[in-house]
2 protein chains.
Amino acid sequence: MDDDRALFTDLYELTMGAVYFAEDLDTPASFELFVRGMPRGRNFMVAAGLEQVLDYLEDLQLEPHHIEYLHSLKMFDPAFVDHLAGLRFTGDVWAMPEGTIFFPDEPVIRITAPRIQAQLVETFLLTTINFQSMIASKAARILIATDGRPFVDFSPRRDHGLDAANSAARASYIAGAAGTSNVVAGMRYGMPVSGTMAHSFVMSYEDELDAFCAYLRVFPDHPTLLIDTYDIQQGALNAIEAHRRMSEHGARVGSVRIDSGSVGDEARSVRKLLDQAGLEEVKIFVSGDLDEYIIDELLRSGAPADAFGVGTRLGVSADAPYLPGVYKLVDDRLGPRLKTSVGKETLPGAKQVWRRIQDGTFAGDVIGLQSESFDGGTPLLRQVMSAGQRLEPALPLGEIKEYCTAQVEQLPPAFRSLDQTEPYPVELSPAMAGLREDLRAHYSDRAG
Amino acid sequence: MDDDRALFTDLYELTMGAVYFAEDLDTPASFELFVRGMPRGRNFMVAAGLEQVLDYLEDLQLEPHHIEYLHSLKMFDPAFVDHLAGLRFTGDVWAMPEGTIFFPDEPVIRITAPRIQAQLVETFLLTTINFQSMIASKAARILIATDGRPFVDFSPRRDHGLDAANSAARASYIAGAAGTSNVVAGMRYGMPVSGTMAHSFVMSYEDELDAFCAYLRVFPDHPTLLIDTYDIQQGALNAIEAHRRMSEHGARVGSVRIDSGSVGDEARSVRKLLDQAGLEEVKIFVSGDLDEYIIDELLRSGAPADAFGVGTRLGVSADAPYLPGVYKLVDDRLGPRLKTSVGKETLPGAKQVWRRIQDGTFAGDVIGLQSESFDGGTPLLRQVMSAGQRLEPALPLGEIKEYCTAQVEQLPPAFRSLDQTEPYPVELSPAMAGLREDLRAHYSDRAG
């Protein structure tokens, strides 16, 4: 955890706060976080990061060195900075549970709080929800491509820093990964960790066979041997020979890993060698620049790959490396609010999303006003915090993962394709559409 | 700073370590970090992140809760975990200074240390250098596009977590940004912070003009007013009127900001309105989904934009969202090492990079062995740590920024284009090429 997270905010949250403070405008306001359009190549998104948001909101308190820094900027009224020193989050939060599938324009979180608080937390909320939801959305696609075969997050070295790596491990686990190579994530989130050896390990011995035997001596219980440091076929033969030599000491090879070359062809030849040696139970683990598209192609070509390590392209969501989530004012003392910027218009008012389910499949969503009631759909946003207090303890990660898996299974089949399909049907309730029209008319009158 | 950074590692660093520990192989080894190919669309890369690496290496020490977690995995010999508890970094480090321009295959950092240490630090080094160098490389391009006009990092909300946002602010400052919206980065790195208002601020008032006047009352000294919440031209007129009303109280508008719409056309109309009102000194600040390509196009079309806020596409380097940096064994007790995996062959031995400079311009690099001497070129790698101790204190960020600016100015003009050009000339010294041939022959003999 970053020890400065309470101050993690864009400067304008503070300058706006200073004006609200001076003008006595620190009255309750509601802001909603939503994504403004489907990222390239995606058919759905998976919400993640709420747990980190609630933890942050519960703990929100600036430290003395933060206050000292703000004074040192000589930009703010000292009385405002003192107000910030005493600030805690006292608002209400409604949110979709982590692992929920969502679509553009649907609010994922709503914050209702005195305006200075509601504004201060914007940056942390966006950074956290945008990133984790992006990764969960990518991981769900990878699980679709592996068709149930396990894959592991191998991304830390290419992720955008430590926080990214830890959150990527968590979010990819929620939506499909079997585990991670990241030890901190394993410790923090109680996730399975995995990994055995790098090429440098094999190169540390004169001979690849010696390296494999040494590894099996220390880790006799089904480890994965990396067989592509020099020549893959020779590597497979060395793995087989290491297995033979070390099996009398009770050691068993679990898998061989291929990390380079023409993986499909190599896997076929290696499978043949393993089978000929009677090692049908030894699995083939594939890694190296994988993503859902490459895995899908590999498996369609019949490559005998049993499990995957997915790194870079999962951890940065390489084909769609950001989620365009925004956090917008929807309601305050002046009533429901509408922003009319070209291409960036918002939906006014505190909202709810109802999802219709037919025959166990998602059939369409309705975005309406929180104050509406709606039959025939399940509301997706639930109150999770009241007056700054969580209403329920954190869910175990395993439960979130189960819920997420069930969500993906309820998608209509076209949305579980890797190809982009028609947009999922999301409509506005009549009351929502009417409110928007009224406000549009109001602003265009005033502009005229 | 993440309080678990000492444990931030891939599991395989620890499993390999356990074998080296058991087999008494914790002997000195050298690993080098380099990037394996030019990222898409780039002509050069800018090294960044060394300061964070040295800080980490100096402080490296697992905490009691890390040790407890490692024991709890029941995967490791307790004697090895106890060894880790006492582990400190005692190695030597050679590196290119931050802000140095570098090219594929050139080592950016070399670690020489007992193998368990050298391996343990791999993940932190890669994550840190890959990310910061990627951002610095992107920021340098944006500065080329703005042609000297200032730009500010607005990326936190779309960055991949807190660590990413803080490091992105730092790295983009090194290579060109004038400041950041990120308050934590401002505090940590002593960087300028900037930002004034969001659309929600304007929407918090019945009237845009009231919002602008309120802001000028609290921040009278040249603030930026955001004029596109409703209608941009009307917003400009409101900014002018707010300036007029508040100027009798000593307030002055500094800039107006346009964040949506057809920015080029809008900026031209707004400039006209400002000039007609005698506000020639008020600047136009442009933001909203910018990158070097869009800024270049805007300025080529003659749009009167004076400064830029660059967010998402800078903070995730959207067109090339990862740097494929790797960390490879190059030398150990067995001598210079070569990995021959298809497409992933390494250069053997501890290396140096010499850069030839002609008429103040970079004329080509030579990758040779550290042990070679080479006339007519400047060596780029310097020793920065000896036996775990830094040889020099951290450089002020401003000095790194100056050095980096000078580096970019020494690039041949073709490499300062936004379009990808021919690769920069990087050759191997005869001794390096010869060593590689010898080792290739050695491995192919053994495979045959």
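About the criteria used
Residues numbered from 1 in each chain as written. Chains lettered and ligands numbered in written order. Predicted model: local features only at pLDDT ≥ 70, side-chain atom pairs only at ≥ 80, totals over all residues. Helix = DSSP H or I, 4+ residues; strand = E, 2+ residues; numbered from the N terminus. Buried ≥ 20, exposed ≤ 12 C-beta atoms within 10 Å, placed from the backbone. Contact = placed C-beta atoms within 7 Å. Axes fitted to C-alpha atoms, helices over the stretch in contact; angles between N-to-C directions. Parallel < 35°, antiparallel > 145°, perpendicular 65-115°, else oblique. Nonpolar A, V, L, I, M, F, W, Y, C, P; charged D, E, K, R; others polar. Pairing = 2+ DSSP bridges. Domains from an automatic or database assignment. Least-squares fit on C-alpha atoms with pLDDT ≥ 70 in both. Core = buried A, V, L, I, M, F, W, Y, C linked by C-beta atoms within 7 Å. Expected span 1.5 Å × (residues − 1). Arc of directions from axis to C-beta. pLDDT = per-residue confidence, 0-100.

Draft legend 1. Main features of the overall build of chain A. Check the secondary structure of chain A and you find 16 helices and 19 strands. The C-alpha extent of chain A, read off along each of the three principal axes, is 80 × 55 × 40 Å. Within the span of chain A, comprising 448 residues, buried residues form 56% of the whole. Long-range contacts, defined here as pairs at least 24 residues apart, represent 72% of the contacts in chain A between residues at least 6 apart.

Draft legend 2. Representation of the packing of helix H6 (residues 122–146) of chain A against helix H13 (residues 292–300) of chain A in the model. Residues and elements named next belong to chain A. Contact geometry for H6 and H13: axes closest at 8 Å, N-to-C directions at 5°. Compared by their axis directions, H6 and H13 come out roughly parallel. Residue-level contacts link Arg141, Ile142, Ile144, Ala145 and Thr146 of H6 to Glu292, Ile295 and Asp296 of H13. Classifying every residue of the contact of H6 with H13 gives four nonpolar, one polar and three charged.

Draft legend 3. Local environment of the environment of Leu314 of chain B. Residues and elements named next belong to chain B. Looking at the secondary structure, you find Leu314 in helix H14 (residues 312–315). With 173 residues separating them along the chain, Leu314 and Arg141 place their C-alpha atoms 9.9 Å apart. Setting aside residues no more than four positions away along its own chain, Leu314 makes contact with Lys138, Ala139, Ile142, Asp153, Ser155 and Ser172.

Draft legend 4. Examining the interface of chain A and chain B more closely. Across the boundary between the two partners, chain A contributes 84 residues, which contact 84 residues of chain B. Ranked by the residues each element gives to the side of chain A that touches chain B, the list is headed by helix H1 (residues 11–22) of chain A, at eight residues. Residue classes in the side of chain A that touches chain B are distributed as 40 nonpolar, 25 polar and 19 charged.

Draft legend 5. Up close: the sheet that holds strand E1 (residues 28–35) of chain A. Residue and element names in this part refer to chain A. The seven strands lie next to each other as E13-E12-E1-E5-E3-E17-E18, forming an open sheet whose pairing is antiparallel. In the strand order of this sheet, the two ends are held by strand E13 (335–336) and strand E18 (389–390), each with one partner. Here six bridges tie E1 to strand E5 (residues 109–114), and the two strands are oriented antiparallel to one another. Bridging from a neighbouring strand, Glu32 pairs with Arg110 of E5. The strands touched by helix H2 (residues 50–59) are strand E3 (92–95), E5, strand E17 (382–386) and E18; relative to E17, the strand with the most contacts, the crossing angle is about 25°.

Draft legend 6. Spotlight on the pairing of strand E3 (residues 92–95) of chain B. Residue and element names in this part refer to chain B. One ladder, built from four bridges, connects E3 with strand E5 (residues 109–114); its direction is antiparallel. Looking at the pairing, Val93 lines up with Ile111 of E5. Sheet analysis places E3 next to strand E17 (residues 382–386), joined by three bridges and oriented antiparallel. Note on E17: the bridge partner recorded for Ala95 is Arg382.

Draft legend 7. Fine view of helix H10 (residues 208–218) of chain A. Taken together, the buried positions of H10 of chain A are Glu208, Ala211, Phe212, Ala214, Tyr215 and Leu216 of chain A. Packing partners of the buried residues in H10 of chain A comprise helix H9 (199–203), strand E8 (224–226) and helix H11 (232–247) of chain A together with helix H1 (11–22) of chain B.

Draft legend 8. How the structure looks around the domain arrangement of chain A. Per the domain assignment, the segments of chain A are domain 1 (5–135 + 320–447) and domain 2 (195–287). With centres defined by C-alpha atoms, the gap from domain 1 of chain A to domain 2 of chain A works out at 48 Å.

Draft legend 9. Broad picture of the relation of the copies chain A and chain B. Note on the identical chains: chain A maps onto chain B by a rotation of 180° and an axial translation of 0.0 Å, with an RMSD of 0.0 Å. One copy is carried onto the other by what is essentially a two-fold rotation axis. Identified as the residue of chain A closest to the rotation axis by C-alpha distance is Asp2 of chain A, at 2.4 Å. Taken together, the interface assignments show that 100% of the residues at the interface of chain A recur at the interface of chain B, consistent with an identical surface on both copies.

Draft legend 10. Expanded view of the pairing of E1 of chain A. Residues and elements named next belong to chain A. Counting buried positions over the eight residues of E1 gives seven, a clear majority of the element. Of the pairings in the sheet, the one linking E1 to strand E12 (residues 325–332) comprises six bridges and is antiparallel in character. The partner of Ser30 across the bridge, within E12, is Asp331.

Draft legend 11. Structural context of the sheet that holds strand E16 (residues 378–379) of chain B. Residues and elements named next belong to chain B. Strands sit in the order E16-E14-E15-E19 across an open sheet of four strands; the sheet is mixed. Two strands lie at the open edges of the sheet, namely E16 and strand E19 (426–428), each paired on one side alone. Pairing geometry for strand E14 (residues 351–358) and strand E15 (residues 361–369), over eight bridges, is antiparallel. Counted as the bridge partner of Arg355 is Asp365 from E15.

Draft legend 12. Representation of unusual backbone geometry within the structure. In this structure, Ala387 of chain A takes a positive phi of about 50° despite not being glycine. Inspection of the secondary structure puts Ala387 of chain A in the loop between E17 and E18. Its identity is not glycine, yet His222 of chain B carries a phi of approximately 60°, on the positive side. Along the polypeptide, His222 of chain B turns up in the loop between helix H10 (208–218) and strand E8 (224–226).

Draft legend 13. Inspection of the nonpolar core at higher detail. Among the nonpolar cores identified, the biggest contains 292 residues, and Ala139 of chain A together with Ala139 of chain B are the most heavily contacted of them. Apart from the residues within four sequence positions on either side, Ala139 of chain A is in contact with Ala171, Ser172, Ala175, Gly176, Ala177 and Leu314 of chain A.

Draft legend 14. Expanded view of the environment of Gly309 of chain B. Residues and elements named next belong to chain B. Relative to the helices and strands, Gly309 resides in strand E11 (residues 307–310). Residue Gly309 is classed as buried on the basis of its C-beta count, with 21 C-beta atoms lying within 10 Å. The sequence separation of Gly309 and Phe201 amounts to 108 residues, and the corresponding C-alpha distance is 18 Å. Contacts of Gly309, omitting those with residues within four sequence positions, involve Val152, Phe154, Phe285 and Ser287.

Draft legend 15. Looking closely at helix H12 (residues 263–276) of chain A. Residues and elements named next belong to chain A. With 14 residues, H12 extends 20 Å from end C-alpha to end C-alpha; this agrees with the ideal 20 Å at 1.5 Å per step. Every buried residue belonging to H12 is among Val263, Glu266, Ala267, Val270, Arg271 and Leu274, and all of these are buried. For H12, the arc enclosing every buried residue in end-on projection is 135°, short of the 170-degree limit, so these residues lie on one face. Away from its buried face by more than 90 degrees, H12 exposes Asp265, Asp275 and Gln276. On its buried face, H12 is in contact with H11, strand E9 (255–258), strand E10 (283–287) and H13. Looking at the residues trailing H12, positive phi occurs at Gly278, about 75°.

Draft legend 16. Spotlight on the confidence of the model for chain A. Averaged over every residue, the pLDDT of chain A is 96; residues scoring 70 or more account for 99%. Predicted as a complex, the structure gets a pTM of 0.97 and an ipTM equal to 0.96.

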